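Breakdown of the fold
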Amino acid sequence: MTIDKSWTTIRRRGSSNEFWNGLQHFLQMAKPFVNDRGFIKCPCRRCLNNASHQLEELESHIFRNGFMFGYNQWIHHGEPATGNAGTTVAGPSGGIHERDEMFDVLDDIISEDVDDDAVGGPSSNDQYDDLFAALRSELYPGVSSFSSLNFLVKLMHLKVLNKWTNKSFDELLKLLKLAFPKIDLVESHYEAKKLMTKMGLGYSSIHVCKNDCALFWKENSLKDTCPVCSESRWKLQSGKRSGKNVPHKVLRYFPVGPRLKRLFATSTTAKLMRWHSTGKSKDNDVMRHPVDGKSWQEFDKRHPQFAGDVRNVRLGLAADGFNPFRNMSLSYSMWPVVLTTYNLPPWICMKAEYLMLSLLIPGPQSPGKDMDVFLRPLIDELKELWVHGLDTRDAASENSVFRMRAALLWTVNDFPARTCPTCNEDTPSMRVIGKTAYFGHRRFLPTNHHWRSNLQFDGRTERKRPPRRFSTTDILEQLHRVKTGIPGKHPSYGGVKRKRGDDELNWRKKSIFYELPYWATIELKHNLDVMHIEKNVCDSLVGTLLADPHKSKDTDNARRDLAKLGIRHELHLFEDGNKLMKPAADYTFSDANRRKFCRFIRSVKFPDGFASNLSKNVAQNDSRLLGLKSHDCHVIMQRLLPVGCRSLVNKNIWSTIVELCTFFKQLCASTVNVSDMVEAQNQLVLILCKLERIFPPAFFDIMIHLVLHLPEEAILGGPVHMRWMYPFERYLKRLKDYVRNAAKPEGSIAEGFVVDEALTFCSRYFDDVETRFNRPDRNDDGIHPTRQLSVFESQCKPLGKQSYVELDNNDRDKAEFYILNNSPELEPYLNEHKQELHVRLGEGCLNINEVHRTEFAGWFFEKIYALHRMQAPEVTTELLSLSSKTNMVVSSYPACIVNGVRFVTHDRDVRLRTQNSGVSVPGTGQEMFYGQLQQILEFSYLNGFSCDSKHMVTENNITSIDINGEAYKDDQFILASQAKQVFYVADPSRGPNWRVVQHVKHRSIWDITDDVELSDEEDESVEEYADEETDAENEIDTEEDDDDRSYHASDSD
């Protein structure tokens, strides 16, 4: 008997007798199968057979929410189970086609609405009718593998992923129509985008006064003139309004609540939203996520009810301006406001797929002091999310509904102020010619420190105490004294410059964020952006060292400041006839040293994807560095500056620069220790005081001073890589790519974002096409099978042309012994052989290790084969293979990928602009062995490396090796899995044959201890920076020394 199930797909249930009659027949059919309490599984689109209800409630649920997709064999409600019908859905004409992923997508989208009071339920919304029509439609008559909607979504995803133009997409659609006349497909990209938008979350367009005085929103939504400056809301032509009302400015607002609810709509992301609770560090000294910071912990103590549900969301906010056009000579500043979700693990929470665009503030002028006007819709929603929350379906908890609340933890943006927000009214500073210098860090020293009485700093004794610390209550009291200004830029209203009162200090206004009920008590409200601070410090240091006429702080006025202070007489300007002479300073390079440093920068080669090609930034005459991006400065500060200037300035200057660069490297690590930051806080005071003895006061702008407070902020907020602007600057590049209509850049970005957002959500359900979540990493080496012997897991993905190498007996014996000696499972056999040698040769034999090395392989072979003939159970196939000798001829490759890292042999490396041949191997103790990869050899049962080891010298944590020297000539084989990548830079201080070792910490590898449950989510991929041509900042590598244990986060969803 065939059961009529066509009623389950009816959209307008309230007006359909067919749906009602079908539902009653279903209930009668299910009635005999209720349990002893009268309950039965509910197949509505909200419960999805995961919850059980009584029949009366079942009727209400199905009528309001609709019948779930994909449940086509009612095995829980009386239909006999036959075949595999549960994986098929009814086609439009009664046929059957394969399970379509888009059913799950639409099911999760519709079930996001959990408002039980909605008339007709969530699925009664007409916006989904076209989607379901395309879902029920076959792509082509007789093609059951694709619905029309499924094919279109995957085609659009390929367009976005591969950056096809709209015109090329239209041409492709035309070609498909010509080749397959009966194909059911849209006619153009415009129609496809309209359909995709229905799966997105949309946005609101809010008109803005031309002078940024107010929004035409809520109480002002019906007004035609600005309530502040009385300017017209609409653009006028010849003093009259045109036929169509066109606003001067439009703010695009993307509601936050629905986007947070969507994170809980799929089980994968819903589970990840709990990571901050399950993955936080159990060591109070270790911080790898903001949850480990003091600010998060104090917030939880003040708001225990909010902290009680780990699903409540913690947000961070970033805002920055950018030019949406490729032509940077055109002045235009658009300001996106972006949110990130800190509930997620550190390896995905800063990825573009998890960043949320909340506001798009229109150009061409930046909002400036009127930022609060544009933030009004977002702040109102954040208040609503804190006070009332939103009912949200949690896919990770059997689709249960909970009240989701959200809080804003802090903001991240470039530093706009001119005084220190931490030191406040007592910021150490002095007036020099033409500017304010933030000089005088001796006051942070202990009161009995001898430097306080040293007159070489500024000619005076320092008696001031450190600036007092201002509590959140103190700051709030200061803000209460700030006068409320008129918003906008109208010359008669908000544009009138107001003289700041003496009691207003550095505050221009009380921020709109203080309207959030919890904001006043947050300890870390606004993060100092390490990206911009590090770039400014690097520009000042490098520009002054190179005496760059555009960036040097050692100007004529800086020398006049020294004369006014009466210090460093040897640096004062003097007249020689009619010329004003400027003595050479020991903190600037001589002409010869300047060329040496620039040639050093030009010679540097980085590993694949590590950084851009810095040789392009060296001037042709080797006199200065040009066009450095923020990431270039990041690499120079932490990797190159300590090495490059070692022999070019005196030791006191060099050691001070090394200490400052070492601090930045320590600060930017993906895992930060609280004890290290406490120690760094004390050391930075000494470092800044040393810099004051070296450089003139004009060198010390506000960015130099702010370095002093970075350790404290790290203790409060956790690792820097989740609180700086790098990921947000990269996100601006994605927004810029949305601009297809230069006349309407804001509209292009808004529409492109909504479509991309919908496609990103859909792509989580796709397994048969490449998506952002399943595409392999550029250096992906695949999945290797698990073996019984760990030595057989030392495999790699070979690259390049295969060749063959014939080993002599000596080299083959060395390689075989190394393999056997590095197999932990063979330790009992190794010890047994040594004991036999002690008995045979005597305890006093001096060369017993050499005999062990030469004889063990043969002894082991005889031992295993004897056990094999006895059918001993411990002799496995792998153990038998390991005991056999390898062939004399082995395969050789020029490159390979191991654990997500690309290695290249030295012979090939010298011809490339990258450097991937450096390797390091840990010894049995604390020592490290360094070398260059000479061969990649594939033996009959595993891969191995052949490399030469070098003599090394370590000074001030800088390790140098002699590339001409060669150590451990008889032990130059390593397993592929043992290799750690390093790269080498020239060491000018030791001569042409010496190189400095630089360890590499790849962004695709995270240091997570065994007590943390790892997710199978995607991870950051190492990308190439050299060809990046964008005004947004380049991508970064977060580097630090390797810890004991690393895991490679996978790319699967």
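Residues numbered from 1 in each chain as written. Predicted model: local features only at pLDDT ≥ 70, side-chain atom pairs only at ≥ 80, totals over all residues. Heavy atoms only, no water.

Brief notes about the overall build of the protein chain
- Counting secondary structure elements, the protein chain contains 29 helices and 36 strands.
- Every one of the 1053 residues in the protein chain was classed for burial, and the buried ones make up 54%.
- Taking as baseline every contact in the protein chain between residues at least 6 positions apart, the subset at least 24 positions apart corresponds to 68%. (Helix = DSSP H or I, 4+ residues; strand = E, 2+ residues; numbered from the N terminus. Buried < 20%, exposed > 50% of the residue type's maximum accessible area, 1.4 Å probe, protein only. Contact = heavy atoms within 4.5 Å.)

Here we look at the pairing of strand E29 (residues 928-938)
- Note that strand E25 (residues 889-893) and E29 share three bridges and pair antiparallel. Of the residues in E29, the one forming a bridge with Tyr893 is Ile936.
- Where strand E28 (residues 918-922) and E29 come together, five bridges link them in antiparallel fashion. Across the sheet, Pro922 pairs through a bridge with Met928, a residue of E29. (Pairing = 2+ DSSP bridges.)

What about the packing of helix H3 (residues 101-110) against helix H4 (residues 129-136)?
- At a minimum axis separation of 11 Å, H3 and H4 run at an interaxial angle of 160 degrees. The orientation of H3 with respect to H4, classified from their angle, is roughly antiparallel. Considering the relative orientation of H3 and H4, their crossing is left-handed. Every residue of H4 that contacts H3 at Met102, Phe103, Leu106 and Ile110 is listed here: Leu131, Phe132 and Leu135. (Axes fitted to C-alpha atoms, helices over the stretch in contact; angles between N-to-C directions. Parallel < 35°, antiparallel > 145°, perpendicular 65-115°, else oblique. Left-handed = near helix turned anticlockwise from the far one by under 90°.)

So, the state of the cysteines
- According to the stated counting rule, one finds zero disulfides in the structure shown.
- The thiol of Cys44 is not disulfide-bonded; the next cysteine sulfur, from Cys42, is found 3.6 Å away.
- Just so you know, Cys213 is unpaired, no disulfide at all, and the nearest cysteine sulfur is the one on Cys229, 3.7 Å from it.
- Cys213 gets classed as buried once you look at its relative accessible area, which sits at 3%. (Disulfide = S-S within 2.5 Å.)

A look at the pattern of salt bridges
- For the structure on display, the rule yields 46 salt bridges.
- Ionic pairing is found between Lys163 and Asp737, a salt bridge with its closest N-O pair at 3.7 Å. With Lys163 in the loop between helix H5 (148-162) and helix H6 (166-179) and Asp737 in helix H23 (residues 726-737), the pair connects residues that are 574 residues apart, well separated along the chain.
- Overall, the relative accessible area of 58% leaves Lys163 in the exposed class.
- For Glu855, the salt bridge goes to Arg840, with nearest N and O atoms at 2.8 Å. Of this pair, Glu855 sits in helix H27 (residues 848-869) while Arg840 sits in helix H26 (residues 827-841), placing them 15 residues apart in sequence.
- Relative accessible area serves as the criterion here: at 34%, Glu855 is assigned to the partly exposed category.
- Linked through salt bridges whose partners overlap, the residues forming this network are Asp212, Lys249, Lys369, Asp370 and Lys489. (Salt bridge = Lys/Arg side-chain N within 4 Å of Asp/Glu carboxyl O.)

Comments concerning the nonpolar core
- Leu260, Leu315, Leu378, Leu408, Leu641 and Leu660 are the most contacted members of the largest nonpolar core, which totals 177 residues.
- Looking at which element gives the most residues to this core, the answer is helix H20 (residues 674-694), with ten residues.
- Sequence-distant contacts of Leu660, defined by excluding residues within four places in its chain, comprise Val537, Leu541, Met637, Leu684, Ile687, Leu691 and Val707. (Core = buried A, V, L, I, M, F, W, Y, C linked by side-chain atoms within 4.5 Å.)

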